[in-house]
Amino acid sequence: MRVFLVLLMLLPGLARAEGEKAGDFDYYMLALSWSPSWCALEGDARNADQCDDRHDHGFTLHGLWPEYEDGYPSFCRTSQRDPSRSDTRAMSDIMGSGGLAWHQWKKHGRCSGLSSDDYFALSREAYDSVNRPEIFRQLDREVSVPPKVIEDAFLEANTNMSPNGITVTCRDAAVQEVRICLTKNLEPRNCAYRAARDCSARSITMAPIR
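Residues numbered from 1 in each chain as written. Predicted model: local features only at pLDDT ≥ 70, side-chain atom pairs only at ≥ 80, totals over all residues. Heavy atoms only, no water.

**Q** I would appreciate a short explanation of the environment of lysine 107 in the present structure.
**A** Relative to the elements of secondary structure, lysine 107 occurs in helix H5 (residues 98-107). Residue classification places lysine 107 among the partly exposed positions, given a relative accessible area of 23%. In this structure the C-alpha to C-alpha distance between lysine 107 and tryptophan 65, which are 42 residues apart in sequence, comes to 8.9 Å. Here lysine 107 is in contact with Tyr72, Pro73, Ser74 and Phe75, once residues within four sequence places are set aside. (Helix = DSSP H or I, 4+ residues; strand = E, 2+ residues; numbered from the N terminus. Buried < 20%, exposed > 50% of the residue type's maximum accessible area, 1.4 Å probe, protein only. Contact = heavy atoms within 4.5 Å.)

The structure is reproduced here in structure tokens:
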């Protein structure tokens, strides 16, 4: 009986875990992935086109994620139609692949309450609104730096941002993503407490663009 009561208390939280109503969120998080790290950790093993030598991807768009002040919605209920294959393929220039664009729409884009066309257009606008430090494109070898160096480079290139509005994540001792919090109008804002999860490593590697 006690277990049943505990489950009943948890049900509202579980319902919030996914399948929420589209358009119900507080702000966006723009996630930028350092493509060389992803290729080294996953993409090369998959023979991903994103990692082909003919590309020179640096910070690519992982996604534009609707967020709550506490948590985030996912796989929301929406009446908007799903994008066509050509729609998702058109995002590959900044996302690396149409497959990622489709996944981002399915998990996050539906929660925006926008049509797929408008969501992808807004994602591109958000990506273009951020100055990605040119110095990272000039690396000619792998370097090891504190995560704060990467954060500070973004803050220097984007003077309208604050330290509380950007977070750097890492994986397997390598830089993974830079995440930037934005209002629904794509203005920089502070991240909610639970979303600001900086990499705790003292130093992380940054592979050069191939």
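**Q** When you look at H5 in this model, what are you seeing that I'm missing?
**A** In an α-helix, one turn spans 3.6 residues, which is why side chains three or four residues apart end up on the same side. Residues Gly98, Ala101, Gln104 and Trp105 constitute the buried set of H5. In a view along the axis of H5, the buried residues occupy a sector of 120 degrees, so they form one face of it. Contacts made by the buried residues of H5 are with strand E2 (59-67), helix H3 (85-89), helix H4 (92-95) and helix H6 (116-129). (Arc of directions from axis to C-beta.)

**Q** Just to check I follow, could you spell out the layout of surface pockets for this structure?
**A** To locate leftover empty space, one rolls a probe as large as a water molecule over the atoms. Empty space within the largest pocket amounts to approximately 430 Å³. In this structure, the largest pocket is lined by 21 residues; those nearest its centre are Trp65, Glu67, Tyr72, Arg179 and Arg197. Counting only elements with at least two residues in the lining of the largest pocket, the list comes to strand E1 (27-34), E2, H5 and strand E4 (166-171). For the lining of the largest pocket, the residue count by class is seven nonpolar, seven polar and seven charged. Each pocket or cavity is described by its volume, and for the second largest pocket that value is around 320 Å³. Looking at the second largest pocket, it is lined by 19 residues, and the ones nearest its centre are Ser33, Trp38, Glu42, His62 and Leu100. Of all elements in the fold, only E1, helix H2 (35-46), E2 and strand E5 (174-182) reach the threshold of two or more residues within the lining of the second largest pocket. Sorting elements by how many residues they give to the lining of the second largest pocket places H2 first, with five residues. (1 Å grid on protein atoms, 1.4 Å probe; cavity = no way out; pocket = protein on both sides within 12 Å on 5 of 7 lines; lining within 4 Å. Points joined across faces, edges and corners; volume = space filled by probe spheres on them. Nonpolar A, V, L, I, M, F, W, Y, C, P; charged D, E, K, R; others polar.)

**Q** Please explain empty space enclosed by the protein as it appears in this structure.
**A** Per the stated rule, a full pass over the model turns up one cavity of 30 Å³ or more. By volume, the largest cavity amounts to about 90 Å³. Together, 13 residues line the largest cavity, and Gln50, Cys51, His55, His57 and Arg210 are the ones closest to its centre.

**Q** Would you take a moment to explain the pattern of salt bridges for this structure?
**A** Between side chains of opposite charge, a pair can form when the charged atoms approach closely. Applying the stated criterion across every chain, the model contains 14 salt bridges. Close ionic contact of aspartate 87 with arginine 81 constitutes a salt bridge, the shortest N to O distance being 3.7 Å. With a shortest N-O distance of 2.9 Å, lysine 148 and aspartate 152 are connected by a salt bridge. Remark: aspartate 152 and lysine 148 occur in helix H7 (residues 147-157); sequence separation between them is four residues, near one turn of the helix. A single salt-bridge network, built from bridges that share partners, covers Glu42, Arg46, Arg171 and Asp172. (Salt bridge = Lys/Arg side-chain N within 4 Å of Asp/Glu carboxyl O.)

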